[in-house]
Amino acid sequence: MKNIIKSIIYELTKSRLMIILFCLMAAVNILVTILNISENTFHEATTSAMLSEAKNTTFLFAEFFVIAAVGLIAGSDFKDKVANYELMSGHSRIQFYLARSIFSVFFAALTGTVLSFIPLISGNIIFGFGGRLVLGDVILRTFLFFFPFLRLAAFIVILTFIVKNQYAVMGIGYGIITINTLFSGIVSDHENLLTSNFNLNLLADYDGWSVYNISKTDGIVNYACYDSSLSIENVIGTILISIAVMAIYLVIGYGLFRRDDLS
C-alpha cells in the first residue's frame with residue numbers, strides 16, 4: 001500500500017491538470033471576492049459583510065475542486081489499466097482501494113479547505129475584514145469545512161469506482177452539487193446535517209438581522225447585526241457525522257469494487 005501511495009504522490013507532482021485546476025479555482029475565488037466586495041452590494045465594502053450575506057462564496061468553487069481531485073486521483077488508473085497492473089503485481093484489492101480512496105479523500109478535503117480560506121485571506125488583504133463578524137469565528141467555521149469535504153469526497157469515491165472515468169465523475173459530481181445547491185436554497189432547515197452541502201451551508205450561514213433608516217444627507221442607511229458564533233452541538237455534529245458518513249461511503253465503495261471484474 002505504501003508503494004501505491006508513493007506512486008500517487010509521484011503522479012500528483014507530474015500532474016499539470018491538478019495544479020492548473022487548483023490555481024484556476026484559486027484565481028476565480030479571488031476574482032469573485034474582489035467583484036462582490038467592490039460592487040458594495042452588501043452596504044459595507046468589507047470581507048465580513050460579504051461573508052455574512054454571500055455564504056456560497058467560501059465553499060462553492062472548493063466543492064468543484066474536491067470532486068475533480070478525487071476523480072483524478074482515484075480514477076486516473078482505470079483508463080490506462082494501471083489498476084490491473086497494480087493488482088497483478090501482488091497488491092490486494094483492499095490495498096489498492098484503501099490507498100486510492102483514503103489518499104484522494106484526505107487530499108481533496110485538505111486542498112478544498114485551503115481554497116475555502118482564499119476569499120477570507122484575499123478580501124482581508126485588499127478590503128479589510130470589517131466589524132460585522134468575529135474573525136476567530138469565521139476561521140473556525142472555515143476550518144470545519146474540512147469535515148463535510150471528507151464526506152463529499154468519499155461519496156465521489158463511490159462514483160469513481162462505479163464509472164471508472166475521471167471526467168465522467170467530474171460531470172456527474174458537478175451535476176449533483178448543482179442540484180444540491182438549488183435544493184439547499186429551497187430548504188430553509190439546514191441544521192439536520194443531512195448532506196455535505198447542507199452542512200457547508202450551516203457553517204457558512206450567519207444568523208443576523210438588519211434594519212434601515214432614512215437620512216436627509218445619506219439617504220437610506222442600513223444597519224446589520226450578525227452572530228458569527230457556532231454552537232458546540234453543531235461543531236461536534238459536523239465532525240462526528242461527517243467522519244461516520246465518510247466511513248460508510250468508503251465501506252460501500254469497497255463492497256462494490258471487491259465484486260468488480262475490472263474488465
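Everything below is about the structure printed above this text.
1. A few points about the nonpolar core
- V105 and F149 are the most contacted members of the largest nonpolar core, which totals 52 residues.
- The set of elements that each furnish at least two residues to this core consists of α1 (2-14), α2 (16-38), α4 (56-79), α6 (93-126), α8 (146-163), α9 (166-186), α10 (196-204) and α11 (232-258).
- Per-element tally for this core: the top contributor is α4, with 12 residues.
- The residues touching F149, leaving out its near neighbours within four places in the chain, are F59, A62, E63, V66, A109, G112, T113, S116 and L200.
- I37, M50, L120 and V138 belong to the second largest nonpolar core, which has 11 residues in total.

2. Quick look at the packing of α6 against helix α7 (residues 135-143)
- Two elements in contact, α6 and α7, have axes separated by 9 Å at closest approach and are oriented at 155°. As far as their axial angle goes, α7 and α6 are roughly antiparallel. Along this stretch, α6 crosses α7, giving a crossing that reads as right-handed. In this structure, α6 contributes T113, S116, F117 and L120 to the contact, and α7 contributes L135, V138, I139, T142 and F143.
- Among the residues making up the contact of α6 with α7, the classes are represented as six nonpolar, three polar and no charged.

3. A short note on α6
- The end-to-end C-alpha distance of α6, which contains 34 residues, comes to 49 Å, matching closely the 50 Å that a straight helix rising 1.5 Å per residue would cover.
- Largest kink in α6: about 30°, centred on F117, with the proline P119 one to four residues after it.
- Positive phi shows up at G128, right after α6, with a value of about 90°.

Analysis parameters
Residues numbered from 1 in each chain as written. Predicted model: local features only at pLDDT ≥ 70, side-chain atom pairs only at ≥ 80, totals over all residues. Heavy atoms only, no water. Core = buried A, V, L, I, M, F, W, Y, C linked by side-chain atoms within 4.5 Å. Buried < 20%, exposed > 50% of the residue type's maximum accessible area, 1.4 Å probe, protein only. Helix = DSSP H or I, 4+ residues; strand = E, 2+ residues; numbered from the N terminus. Contact = heavy atoms within 4.5 Å. Axes fitted to C-alpha atoms, helices over the stretch in contact; angles between N-to-C directions. Parallel < 35°, antiparallel > 145°, perpendicular 65-115°, else oblique. Left-handed = near helix turned anticlockwise from the far one by under 90°. Nonpolar A, V, L, I, M, F, W, Y, C, P; charged D, E, K, R; others polar. Expected span 1.5 Å × (residues − 1). Bend = angle between axes of the 7 residues up to and from the residue.

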